[in-house]
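Reading the structure
What follows is each chain in one-letter form.
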Amino acid sequence: MPHQNPNSSYKIWEPFLLALCLSVGMFIGYDMFKDKSDLVLVDSTQGNNHISALGIGRVEEILRIVENSYVDQLESETLIDEAITQIVNKLDPHSHYINSEEFEDYNQKMSGVYQGMGIVSKFIEDTLYVCHVSDDSEGFKAGLLSGDKILAMNQDTISGVNKDMNYVLKLLRNIQDDFCQTEVLRANELLNLNVHLQEQITSSADLNYVLNDNIGVVKVSRFSANTYDQFFKSLESIQEKLGRSNFDLILDLRNNPGGYVPQTLRILSQLFTEKNQLLSFTEGENRNRKDYKSTGRNFFDVEKIVVLINENSASASEIIAGAIQDWDRGVVIGKNSYGKGLVQEIFPLKKGGAIRLTVARYGTPSGRFIQRPYTVNGEKKMTEDSTYQTRKLGRILKNNDGISPDIEVESKALYNPQIADFVVSKILPYHLVVPLSILKEKEFDLVAAFDLEPNNLFQGEEDLLLLKAELIHSWYGPLPYYKFINSIDPTFAKAIEIISDEDALKFLASKEN
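Residues numbered from 1 in each chain as written. Predicted model: local features only at pLDDT ≥ 70, side-chain atom pairs only at ≥ 80, totals over all residues. Heavy atoms only, no water.

This brings us to the environment of Asn-194. By the element assignment, Asn-194 lies in strand 10 (residues 189-196). Residue Asn-194 is classed as partly exposed on the basis of its relative accessible area of 39%. Sequence separation between Asn-194 and Gln-181 is 13 residues; the distance between their C-alpha atoms is 4.6 Å. With residues up to four places along the chain from it excluded, the contact list for Asn-194 reads Ala-142, Phe-179, Cys-180 and Gln-181. Only 2.8 Å separates the side chain of Asn-194 from the side chain of Gln-181, close enough to count as a polar contact. (Helix = DSSP H or I, 4+ residues; strand = E, 2+ residues; numbered from the N terminus. Buried < 20%, exposed > 50% of the residue type's maximum accessible area, 1.4 Å probe, protein only. Contact = heavy atoms within 4.5 Å. Polar contact = N/O pair within 3.5 Å; in protein donor to acceptor, adjacent residues only side chain to side chain.)

Below is the structure:
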């Protein structure tokens, strides 16, 4: 191996050494209300700054020996990535090393904006299909239709070559002139469309509608950097549609994996009228307890609340459900939530990539931790089996393993990926559109309308309803789809029943201890 500067090994292995320091607690301290981007940030002036007795020198010595003496040539970057991954992934279920490419994708996803055409697309087998084209989007203006097959973008073949969505998103992100030459196959016709790319806002809390004359519905799918702004606008829209300042709210957090906790706390402050009510708290081995409280600055008069959760509601979603439940502020309906009660921070590395490191646990206002038990090196963590009480009615609450709903409803399968793929690849390419009012009619016969041959996908009425739902989504967009899905969902039906009651909390009071 050629002679190297004695300091070069340290430069090569610097990310590995930094990861080791992180794993033993060198980088600590955080504040969920830092001003910068309103995100969870690092504050290395807090906490225990002790460097492990393992010592940097010994690790550097081992790495120098490996680099200079190993029998085969090494790919340093690959080895570094693998070494960091092995260290960080063993800490807990949620600490991870993110390489440079993944870190770029992560920042893009959590920013809530991306460069695109205003379409929904997906790969089926090795072909990229257009599933939905938003009205007045650049894709719509260029002539894209649901059911089109995208073969190439800017002369880069997309379909038939085992590409994936990450490849497509990166390609679009790197286009410099804001126009994408898009090769499309429609039926048997090959088209070349010049699509203008624009900044697109990721939908996270803008699906909303009203029921009766006093109920608003908001779907929050994740907590990205602009979720609170979308939630605020959704409540404004509900007020306007109802023509009144006070209303009841169904807040749908099902299948919401979480995200930025500060967005959650800002949303909760719109649902609690009093100032300084505890919403959540965090603490860890190297963190003093920190409480997060309501601001008392309400812009909406939200009365009764129902929160919907399921087994895929996690992290920030559980903070909202936990606060609503602990204060007896509303009723939580659905299935037991995921149980992710560990707080992560992102530590960018100088040489690229980042560490997503667990730095604390968060708790609900009653004092319970909701992280489900896990095992590290054979040692069980978060196994306390205590009970707590709600702050207002004194109801008994279970600790650990997620949020248990006040009313459990057996979940119903409202999505079938095989049916979704069938719609996109077999029906949409015909480019026939059925009016929404007819499509929603119970008597409308989909099988006859599209001359569908009998197959294992359609075993009964439930499958045909899901087929209708997918067609509504492709032809008319996410809001009509969401409303239709809710109309056949027993969990949502229970939510309407409870929130329509004159005293939606009366059954909670009957459980008072």
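Attention shifts here to the nonpolar core. In this structure, Phe-231, Leu-249, Leu-251 and Leu-271 are the most contacted members of the largest nonpolar core, which totals 50 residues. For this core, the elements supplying multiple residues, two or more each, are helix 3 (76-89), helix 7 (227-242), strand 14 (246-252), helix 8 (261-269), strand 17 (301-309), helix 9 (316-326), strand 19 (342-348) and strand 20 (354-363). Those residues within four positions of Leu-249 in sequence are excluded, and the remaining contacts are Gly-216, Val-218, Phe-231, Leu-235, Ile-238, Leu-271, Val-302, Lys-304, Ile-305, Val-306 and Ile-499. Core analysis: the second largest hydrophobic core is formed by 29 residues, Cys-131, Phe-422, Leu-428 and Leu-465 among them. (Core = buried A, V, L, I, M, F, W, Y, C linked by side-chain atoms within 4.5 Å.)

Counted by the stated rule, this structure contains 16 salt bridges. A salt bridge links Asp-252 to Lys-219; its shortest N-O distance comes to 3.7 Å. Of the two residues, Asp-252 is situated in strand 14 and Lys-219 in strand 13 (residues 215-219); the sequence distance between them amounts to 33 residues. Given the relative accessible area of 1%, Asp-252 is considered buried. In this structure, Glu-410 engages Lys-335 in a salt bridge whose closest nitrogen and oxygen atoms are separated by 3.5 Å. Residue Glu-410 is located in the loop between strand 25 (407-408) and helix 10 (417-427), and its partner Lys-335 is located in the loop between strand 18 (331-334) and strand 19; the two are separated by 75 residues in the primary sequence. Using a relative accessible area of 58% as the deciding quantity, one classes Glu-410 as exposed. (Salt bridge = Lys/Arg side-chain N within 4 Å of Asp/Glu carboxyl O.)

Shape is all these values report; function is a separate question.
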